[in-house]
Amino acid sequence: MDEVHHWVSSNGGPDFYQTLKRNIEKTTKAGSRWVCTTNAYNPNEDSVAQIIHESEMVAQGYWLYDCLEGSIALEDLRDAEKVRAALIEAYGDASWADIEGLTRTILFDRTTPDSTYCRFYFNQIAESSDGWMSKAEWDACLDEEDAIIPGDQVACGFDGSIRGDATGLVAIRLRDAKLFVIGVWERPENAPDDWEVDVLAVEAAVAETFRRYRVEWFYADPPYWQENIGRWAIEHGDDIVYEFWTNKPTRMAQAVERFRTAAMVNDLKHDGDHHLTRHVLNAVTREVPQGLLIQKDSPRSKRKIDLAVCSVLALEARADAISDGRLKIRRSRVVGF
């Protein structure tokens, strides 16, 4: 069984593993055996790799779990000598590994999260290793100059909920990819059981956004809000308002990758909104065969990430608006006498 850190409940991995293991165990006297290979798992995913590692069969010594882990702290990932030493430790006698090339990648490639290096290069299993964005990385995108003003061309991302998660609306200016929050509706700490998002307030915020700004593209995640989104498309144009299903892993993984890359190379900005910052820093990554997705640190977590999802959709909307030729740059006229 290979790559069992990918074998998670969403793809039926644990059930498949149990079926294979049962049939092997029934025929061990005939010589049946099983072997698993894996990268370090994400402890929030309950993958087959984690199930095996935490099994009492491993603790009792009946199953062999063998792993070489590189000894390095997250804050030392910019120290060439410590990175090189940890790679040598992790790769052991794998003489084919390009230690110098991997060292250069870890030191200088900022398009990949440090958490990915920890898991896939140093074999480190740690709950803190799956954060999507560090505070330092996000703060580097802060731009408190050149404020957003009425009439600016923008694209929008909307992620809606009714009771559990937050509902959010984020816009991004077309000319410089500056993100800003239009609105966020989160469940209060001591809310009654029947609390719901104020749909009328959300509707008013969307209407005000179209009135105040030149909205060129609007991506909205449809669950629970399909009727509203359909009406927005009728009111504002079905060539402006589109559904964007975030539960489609291929499309969403590509969007998440583009957002992180843009942040790492300073191709996007934000105005320092504390709600947006909190949601972005709350997001953790989940690996799927198509790439990396973002999610809460656990299904019932109160640490919301909805504005982070909105931001990813907004950046995608901006790219599609520009690709469609909707960015209009005002040019100053020079008059000679």
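This write-up is about the structure you can find in this document. Here, residues in each chain are numbered from 1, in the same order as that chain's written sequence. The predicted nature of this model means local features are confined to residues of pLDDT at least 70 and side-chain atom pairs, given and counted, to a pLDDT of 80 or more, with totals for whole chains, interfaces and linings taken over all residues. Neither water nor hydrogens contribute to the side-chain values; these are computed over all heavy atoms in the structure.

A look at the packing of helix 10 (residues 249–264) against helix 12 (residues 306–323)
A packed helix pair is summarised by two numbers, namely the angle formed by the two axes and the spacing between the axes.
Working step 1: Note on geometry: axes are C-alpha line fits, over the in-contact stretch for helices, and angles between N-to-C directions span 0 to 180 degrees. For the purposes of this entry, the term helix denotes a DSSP run of H or I that reaches at least four residues, the term strand denotes a run of E that reaches at least two, and both are numbered from the N terminus. Between helix 10 and helix 12, whose axes approach to 9 Å, the crossing angle comes to 90°. As summarised for this structure, helix 10 and helix 12 are arranged roughly perpendicular, according to the angle between their axes. Residues Met252, Ala255, Val256, Arg258, Phe259 and Ala262 of helix 10 pack against Val309, Ser311, Val312, Leu313, Leu315 and Glu316 of helix 12.
Working step 2: Think of it as three bins: nonpolar holds Ala, Val, Leu, Ile, Met, Phe, Trp, Tyr, Cys and Pro, charged holds Asp, Glu, Lys and Arg, and polar takes everything else, Gly as well. Of the residues belonging to the contact of helix 10 with helix 12, the class tally is nine nonpolar, one polar and two charged. Here roughly perpendicular refers to angles of 65 to 115 degrees, roughly parallel to angles under 35, roughly antiparallel to angles over 145, and oblique to all remaining angles. Two residues form a contact once any of their heavy atoms are found within 4.5 Å.

Some points on the layout of surface pockets
Working step 1: Taken as a whole, the second largest pocket holds about 710 Å³ of empty space.
Working step 2: Cavity: a set of points on a 1 Å grid over the protein atoms alone where a 1.4 Å probe fits but cannot get out. Pocket: an open set with protein on both sides within 12 Å along at least five of seven lines, its lining residues, like those of a cavity, having an atom within 4 Å of a point. Together, 24 residues line the second largest pocket, and Cys36, Thr37, Thr38, Asp66 and Cys67 are the ones closest to its centre.
Working step 3: Looking at the lining of the second largest pocket, the element that brings in the most residues is helix 2 (residues 48–53), giving three residues.
Working step 4: Tallied by class, residues from the lining of the second largest pocket come to 19 nonpolar, four polar and one charged. Grid points are joined across faces, edges and corners, and a volume is the space filled by probe spheres set on the points.

Details of the packing of aromatic side chains
Working step 1: Centre distance within 6.5 Å is the pairing criterion for rings of Phe, Tyr and Trp, where only the six-membered ring of Trp is used; planes under 30 degrees apart are then read as stacked, over 60 as edge-to-face, and the remainder as tilted. Counting across every chain of the model gives 16 aromatic pairs.
Working step 2: With a centroid separation of 6.4 Å and an interplanar angle of 20°, the aromatic rings of Trp138 and Phe259 are classed as stacked. Of the two residues, Trp138 is situated in helix 7 (residues 135–139) and Phe259 in helix 10; the sequence distance between them amounts to 121 residues. Pair check on accessibility: Trp138 and Phe259 agree, each one buried.
Working step 3: An aromatic cluster of three or more residues is present, and its members are Phe158, Phe210, Phe218, Trp225 and Trp232.
Working step 4: Consider the ring centre and the ring normal. A charge sits over the ring if Lys NZ or Arg CZ is within 6 Å of that centre and within 35 degrees of that normal. Directly above the aromatic system of Tyr219 lies the positively charged group of Arg251, at a separation of 5.3 Å from the ring centroid. A 1.4 Å probe rolled over the protein chains alone gives each residue an accessible area, and that area as a share of the maximum for its type sets the label: buried under 20%, exposed over 50%, partly exposed in between.

Focus on the pattern of salt bridges
Two side chains carrying opposite charge are able to pair once their charged atoms lie near each other.
Working step 1: The rule for a salt bridge is simple: a side-chain nitrogen of Lys or Arg has to be within 4 Å of a carboxyl oxygen of Asp or Glu. Throughout the structure, instances matching the rule amount to 24 salt bridges.
Working step 2: Between Arg84 and Glu100 there is a salt bridge whose closest N-O contact spans 2.8 Å. Placement of the pair is Arg84 in helix 4 (residues 80–91) and Glu100 in helix 5 (residues 99–108), with a sequence separation of 16 residues.
Working step 3: A salt bridge links Glu227 to Arg231, with the nearest nitrogen and oxygen atoms 3.2 Å apart. Here Glu227 and its partner Arg231 are both found in helix 9 (residues 226–236), four residues apart, which amounts to about one turn of the helix.

Section: the nonpolar core
Working step 1: Only buried Ala, Val, Leu, Ile, Met, Phe, Trp, Tyr and Cys residues count toward a nonpolar core, and they belong to the same one when joined by side-chain atoms within 4.5 Å. Ranked by internal contacts, the top residues of the largest apolar core, which has 40 residues, are Trp132, Leu179, Phe259 and Leu268.
Working step 2: Elements with a contribution of two residues or more to this core: strand 2 (167–173), strand 3 (178–185), strand 4 (214–221), helix 10, helix 11 (274–282), strand 8 (291–295) and helix 12.
Working step 3: Take this core: its biggest share by element is ten residues, from helix 12.
Working step 4: By size, the runner-up hydrophobic cluster in this structure holds 26 residues, among which are Cys156, Ala191, Tyr213 and Val241.

Some words on the packing of helix 8 (residues 199–212) against helix 9
Working step 1: At a minimum axis separation of 12 Å, helix 8 and helix 9 run at an interaxial angle of 25°. Comparing the axis directions of helix 8 and helix 9 gives the class roughly parallel. In terms of crossing hand, the pair formed by helix 8 and helix 9 is right-handed. Packed against helix 8, whose contacting residues are Val199, Glu203, Val206 and Phe210, the element helix 9 presents Asn228, Arg231, Trp232 and His236 at the interface.
Working step 2: For the contact of helix 8 with helix 9, the class distribution of residues is four nonpolar, two polar and two charged. Crossings are classed by handedness, with left-handed meaning an anticlockwise turn of the near helix from the far one by less than a right angle and right-handed meaning a clockwise turn.

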